[in-house]
Amino acid sequence: MKVYWIALYKKIDSQENIKNYGAKVTDVIKNYGGIPIVRGGKYNTLEGETYPRTVIWEFPSYEKAIACHDSKEYQDGWALAKDTTERNLQIVEAFNIE
């Protein structure tokens, strides 16, 4: 079953740090089977809180998404931005109607 890694960025104090983080982790995430679905872009908040950036990656399995997040390579990349970034990050299984 497909799984989605959903990051809602509440605050980004350094665009340079978030750019460096993205450059470092993109290939790491792809190596775990991640496919980028949403990475920033135009948005309109219709209800609830506004997040200046939303990122969604699709993974082939829950286990792959967790392994990616917990990997040393990903954590080394996240270390570049975590002190200047506040986000909510969830890994969510897709809905299966079959």
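Reading guide: rules and limits
Residues numbered from 1 in each chain as written. Predicted model: local features only at pLDDT ≥ 70, side-chain atom pairs only at ≥ 80, totals over all residues. Heavy atoms only, no water. Helix = DSSP H or I, 4+ residues; strand = E, 2+ residues; numbered from the N terminus. Rg over C-alpha atoms; globule rule 2.2 N^0.38 Å. Buried < 20%, exposed > 50% of the residue type's maximum accessible area, 1.4 Å probe, protein only. Contact = heavy atoms within 4.5 Å. Areas by Shrake-Rupley, 256 points an atom, 1.4 Å probe, with all protein chains shown as cover. Phe/Tyr/Trp six-rings, centres within 6.5 Å; stacked < 30°, edge-to-face > 60°. Lys NZ or Arg CZ within 6 Å of the ring centre and 35° of its normal.

(A) View of the overall build of the protein. Each helix and strand in the protein was counted, giving 3 helices and 4 strands. Along the protein, helices and strands appear, N-terminal first, in the series β-α-β-β-α-α-β. Expected size for 98 residues packed as a compact globule is a radius of gyration near 13 Å; at 14 Å, the protein falls within 12% of this value. Projected onto the principal axes, the alpha-carbon positions of the protein cover approximately 40 × 35 × 15 Å. Out of the 98 residues belonging to the protein, those deemed buried represent 31%. Here the contacts in the protein between residues at least 6 apart in sequence split such that 77% fall between residues at least 24 apart. Carbon and sulfur atoms form 48% of the exposed surface of the protein, whose accessible area is close to 6,500 Å².

(B) Examining the environment of Val 28 more closely. Position of Val 28 among the secondary structure elements: in helix α1 (residues 15–31). We classify Val 28 as buried; its relative accessible area is 13%. The spacing of Val 28 and Trp 5 is 23 residues in sequence and 14 Å in space, taken between C-alpha atoms. Residues within four places of Val 28 in sequence aside, it is in contact with Cys 68, Ser 71, Glu 73 and Tyr 74.

(C) Focus on the packing of aromatic side chains. If you walk through the whole model with that rule in mind, you get 4 aromatic pairs. Between Trp 5 and Tyr 74 the ring centres are 5.2 Å apart and the planes differ by 70°, which places this aromatic pair in the edge-to-face class. On the criterion of sequence distance, the pair formed by Trp 5 in strand β1 (residues 3–12) and Tyr 74 in helix α3 (residues 72–78) is long-range, its members being 69 residues apart. Tyr 74 shares its class with Trp 5; the two are buried. Seen from their ring centres, Tyr 21 and Tyr 74 are 6.0 Å apart, and the 80° between their planes marks the pair as edge-to-face. Of this pair, Tyr 21 sits in helix α1 while Tyr 74 sits in helix α3, and the two are 53 residues apart along the sequence. Among the aromatic residues, those joined into a cluster by ring pairs are Trp 5, Tyr 21, Phe 59, Tyr 74 and Trp 78. Over the face of the ring belonging to Trp 78 we find Arg 87, whose NZ or CZ atom lies 3.6 Å from the ring centre.

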